[in-house]
Amino acid sequence: KAWSIPTRRFKHSFSGHTNWVRDAAFSPDGRMLLSSADDKTVRLWDARSRACSHTFFDHSDNVGCCAFSPEGNCVASGSADRSIKLW
């Protein structure tokens with residue numbers, strides 16, 4: 001779910017994960033959102049349209065964290081499968 005900081009009100013949801021979402025991060029330019037979840041996936045979202053533009057399926061266990069590189073051209077995810085993936 002996305003919340004407005006100035007108004008402290010709910011703005012909208014990003015729907016697609018099939019289990020608990022554990023982490024989310026905006027790209028450096030704010031145009032994309034990255035999320036990781038217990039459904040073993042990492043999803044890349046268009047922040048404006050809220051559409052999932054890509055789903056990464058390579059983890060074999062819950063994905064607890066995700067992040068964009070400072071340039072925004074690479075993402076990383078960490079999983080309970082004891083791996084860190086760079087995409």
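Going by the structure above, here's the rest.
As the structure is a prediction and not an experimental result, all values here were calculated from the model. (Residues numbered from 1 in each chain as written. Predicted model: local features only at pLDDT ≥ 70, side-chain atom pairs only at ≥ 80, totals over all residues. Heavy atoms only, no water.)

1. A closer look at the sheet that holds strand β8 (residues 75–79)
As a reminder of what qualifies: At least two DSSP bridges between two strands are required for those strands to pair. A run of DSSP states H or I qualifies as a helix once it reaches four residues; a run of E qualifies as a strand once it reaches two. Both are numbered from the N-terminal end. Inter-axis angles, ranging from 0 to 180 degrees, are taken between N-to-C directions of lines fitted to C-alpha atoms, where helices are fitted over the stretch in contact.
What the three strands build is an open sheet, ordered β7-β8-β9; its pairing is antiparallel. Both edges of this open sheet fall to β7 (63–68) and β9 (84–86), since each of them pairs with a single strand only. Strand-to-strand twist of the sheet, defined as the mean angle between neighbouring strand axes without regard to direction, takes the value 15°. Here β8 runs beside β9; their pairing, made up of three bridges, is antiparallel. Of the residues in β9, the one forming a bridge with A76 is L86.

2. A closer look at the nonpolar core
Where we set the bar: We call a set of buried Ala, Val, Leu, Ile, Met, Phe, Trp, Tyr and Cys residues a nonpolar core when their side-chain atoms join them within 4.5 Å. The buried label goes to any residue with under 20% of its type's maximum accessible area, the exposed label to any with over 50%, and the partly exposed label to all in between, with areas taken from a 1.4 Å probe on protein chains only.
Core analysis: the largest hydrophobic core is formed by eight residues, namely L34, V42, L44, F56, V63, C66, F68 and V75. Sorting the residues of this core by element identifies β5 (42–46) and β7 as the ones contributing at least two each. It is β7 that provides the largest number of residues to this core, a total of three residues.

Note that all results are geometric; they support no functional claim without further evidence.
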